[in-house]
Amino acid sequence: GRPWMLRVNSGRGGLMAEDLTLVGFAKPTIVVVPKAEDPEFVRTHATRFADHGAATALMIETPAGVACAMDLLGAHAAVCMALVGSADLLVSLRARADAGRVWEHHALSHVLLAARRHGHLAIDSVYFRYQDDAGLRAHAAIARGLGYDGKSCIHPSQVTTIHEVYASTPDERAWAQRVLSAWKDGQGSTKGVVAMDGEMIEALHVTLAERILD
């Protein structure tokens, strides 16, 4: 009963014909297009996928893809998601991987800004060391801190850890509950601002609180 995604593959002449045919038969919720770089290409295929009732997710994993992420993610109304592909991006940039992911912060931020500009989800790349739970937590926490909505998995054993990283913490939930209570008790919707724990609370804090509790 969950939505599912089908990744199509590219050949020398573009997306493989067999994969495109499969979209029509399999009826996935979302079609994932790898190495998205050309807005017109995205527009053409997103239109085709939409005809089959599917939204389109774009893998941003090359310098060209990062550079034109804003145009790619706004290329068609059926585009709904950006997925970062760090492995290919690392090779393309000739960068050296590091635990803090410093080499890709600029790309992660650029893709996130483009996704938010168009109201799309932003999904972080996979972590290949599927038996390294501590490494996965640290890797996931970096993109979570930037504002990403989720993370791709390379192995089912990673699902629980990723959910834990992306879930609101007990402290965050407690803060959110206090914000909503203070806003209601202080008639924030009428006054526009209330005080709580020495902090001025505005409507933007209420929005954040509701998001945390959701």
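Residues numbered from 1 in each chain as written. Predicted model: local features only at pLDDT ≥ 70, side-chain atom pairs only at ≥ 80, totals over all residues. Heavy atoms only, no water.

Draft legend 1. Structural view of the nonpolar core. With 40 residues, the main nonpolar core has Phe49, Leu58, Ile60 and Tyr148 as its most contacted residues. When neighbours within four sequence positions are excluded, Tyr148 is seen to be in contact with Val84, Leu108, Val111, Leu112, Arg116, Ala122, Ile123, Asp124, Ala143 and Tyr166. In terms of nonpolar packing, the next biggest core, distinct from the first, is built from 11 residues, Ala176, Val194, Val206 and Ile212 among them. (Core = buried A, V, L, I, M, F, W, Y, C linked by side-chain atoms within 4.5 Å. Buried < 20%, exposed > 50% of the residue type's maximum accessible area, 1.4 Å probe, protein only. Contact = heavy atoms within 4.5 Å.)

Draft legend 2. Here's a closer look at helix α1 (residues 17-26). Taken residue by residue, α1 has Asp19, Leu20, Val23 and Gly24 as its buried positions. For α1, the buried positions fall inside an angular range of 150° around the axis, keeping them on one side. Across from the buried face of α1, at angles greater than 90 degrees, the exposed residues are Ala17, Glu18 and Phe25. Its buried side turned inward, α1 meets β1 (5-7), β3 (14-15), β4 (30-33) and α2 (39-51). Once α1 finishes, Lys27 follows within two positions and takes phi at roughly 55°, a positive value. (Helix = DSSP H or I, 4+ residues; strand = E, 2+ residues; numbered from the N terminus. Arc of directions from axis to C-beta.)

Draft legend 3. View of the packing of helix α7 (residues 133-146) against helix α8 (residues 159-166). Here α7 crosses α8 at 40°, and the two axes come no closer than 9 Å. Here α7 is positioned oblique relative to α8, judged by the angle of their axes. By crossing handedness, the relation of α7 to α8 is classed as right-handed. From α7, Asp133, Leu136, Arg137, Ala140, Ala141, Ala143 and Arg144 reach across to α8, where they touch Thr161, Ile162, Glu164, Val165 and Tyr166. Residue classes in the contact of α7 with α8 are distributed as seven nonpolar, one polar and four charged. (Axes fitted to C-alpha atoms, helices over the stretch in contact; angles between N-to-C directions. Parallel < 35°, antiparallel > 145°, perpendicular 65-115°, else oblique. Left-handed = near helix turned anticlockwise from the far one by under 90°. Nonpolar A, V, L, I, M, F, W, Y, C, P; charged D, E, K, R; others polar.)

Draft legend 4. How the structure looks around the pairing of strand β7 (residues 121-124). With three bridges connecting them, strand β6 (residues 79-84) and β7 associate as parallel partners. Bridged to Met81 within β7 is Leu121. Of the crossover connections in this fold, the one passing from β7 over α7 to the parallel strand β8 (residues 150-151) is right-handed. (Pairing = 2+ DSSP bridges. Right-handed = clockwise from strand over helix to strand, strands pointing away.)

Draft legend 5. Region of interest: the state of the cysteines. Per the stated rule, a full pass over the model turns up zero disulfides. For the unlinked cysteine Cys68, the closest cysteine sulfur is that of Cys80, found at 18 Å. Here Cys153 is not disulfide-linked; the sulfur of Cys80 is the nearest cysteine sulfur, at 17 Å. Of the residues examined, Cys153 reaches a relative accessible area of 35% and is grouped as partly exposed. (Disulfide = S-S within 2.5 Å.)

Draft legend 6. Representation of the sheet that holds β1 within the structure. Pairing within the open sheet is parallel, and its six strands lie in the order β1-β4-β5-β6-β7-β8. The strands lining the two open edges of the sheet, one partner per strand, are β1 and β8.

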